[in-house]
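Residue-level listing of the chains:
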Amino acid sequence: MNLINMAKSQGKEFDQAWVDQTKEEIGADLMGVLAVTEDSHPDFLTGVKTYLPSAKAAVVLAVEYSSETMNLLQLPKKFEGKVPAGALLTPHVNQLVIELNTALGNLTHLLKKQGYRSLPFPSRGQPLLRPADFKKAPNYAKALVSYAHIAEAAGMGTVGTHSLLITPEFGTRARLAALLTEAPLQTTKRIDPIDDCTHCLDCVSICPVGAISMPAANRRYQVAADKCKFYRERIDNCGMCQKACSYATGHSEATGGPLIADPNFLRQTGNRSTIVDPEEL
Ligand code: SF4
Ligand code: SF4
């Protein structure tokens, strides 16, 4: 008997135990659920209404980035004699996308087999809204469903200053995908709701194009996604903000804690004088 039949036959809700079991069965490292309610965030409700109005819940899945890969990433100025980020990160991300989307496919199949309509949003398959001036600013396309924000509301972690999810398990080394479903899943709650972002601003310092700014008083983050995208396309990936954050939040296996392995890591590369102008790349 599969897990949904088990839950139904035992008269149980789709609770935390079901989430824990299902996560293992489908092959995800992390799984969180956000139920759709009248009190849900308006942006979330707009996403639900747009894509699957009958949805009762959203599920976010995550797989872990390799800390070994992330530890080897370097800024362009340090490329000489070293492996550039793209040579390692891009193939690794390709592998993670397959892993994550396989887990998402397994979950979609599991729920649909039980008669629950379910809409998967794969990793790299996030639907984007095209702004009116799309031709003038093609990189400003905005995601209608934010995996990171759903994950935060599902108790999976905190959206940090770099606008990425920071999880208690892997820090910011978590790649996400999502799904809307008619299955009446319960919101997963976090036992120790803390702010996973230390507000150290290392991500702000390390970004080679100044894409991450210190947020204004009324903002949690300010990220120029177009600058980041342009830069990553020009140099074949980056990931430096994730690397810096992994150290800052104690999720780098190489250091075993929040200390930066190379004490000059941020000092040499992260001050504003080293910002790379994308136009000059
Ligand atoms: S590097 Fe520091 S400020 Fe930036 S997201 Fe991570 S913990 Fe927050
Ligand atoms: S991936 Fe690189 S360019 Fe993009 S925000 Fe992070 S540090 Fe900046």
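Before reading further, recall that the structure is shown in the block above.
Residues numbered from 1 in each chain as written. Chains lettered and ligands numbered in written order. Predicted model: local features only at pLDDT ≥ 70, side-chain atom pairs only at ≥ 80, totals over all residues. Heavy atoms only, no water.

1. Re the site of ligand 2
Here is step 1: What surrounds ligand 2 is the set Cys207, Pro208, Val209, Ile212, Cys228, Tyr231, Arg232, Cys238, Gly239 and Cys241.
Here is step 2: Top contributing element to the shell around ligand 2 by residue count: helix 8 (residues 225–235), with three residues.
Here is step 3: Broken down by class, the residue content of the shell around ligand 2 amounts to eight nonpolar, one polar and one charged. (Near = heavy atom within 4 Å. Helix = DSSP H or I, 4+ residues; strand = E, 2+ residues; numbered from the N terminus. Nonpolar A, V, L, I, M, F, W, Y, C, P; charged D, E, K, R; others polar.)

2. Brief notes about the packing of aromatic side chains
Here is step 1: This structure, assessed with the given rule, holds three aromatic pairs.
Here is step 2: Both rings, one in Phe14 and one in Trp18, keep their centres 5.1 Å apart while their planes meet at 65°; by these two values the pair is edge-to-face.
Here is step 3: With relative accessibility at 4%, the residue Trp18 sits in the buried group.
Here is step 4: Ring geometry for Tyr51 against Phe121: centres 5.2 Å apart, planes inclined by 70°, an arrangement best described as edge-to-face. Linking Tyr51 in helix 3 (residues 42–51) with Phe121 in strand 3 (residues 118–121), this pair joins segments that are 70 residues apart in sequence.
Here is step 5: The class of Phe121 is buried, set by a relative accessible area of 4%. (Phe/Tyr/Trp six-rings, centres within 6.5 Å; stacked < 30°, edge-to-face > 60°. Buried < 20%, exposed > 50% of the residue type's maximum accessible area, 1.4 Å probe, protein only.)

3. Considerations on the pairing of strand 1 (residues 30–35)
Here is step 1: The element strand 1 is extensively covered by neighbouring structure, given that six of its six residues are classed as buried.
Here is step 2: Side-chain alternation along strand 1 places Leu30, Gly32 and Leu34 on one buried face and Met31, Val33 and Ala35 on a second face that is also buried.
Here is step 3: Two elements, strand 1 and strand 2 (residues 57–64), share six bridges in a ladder whose sense is antiparallel. Bridge pairing in strand 2 links Leu30 to Ala62. (Pairing = 2+ DSSP bridges.)

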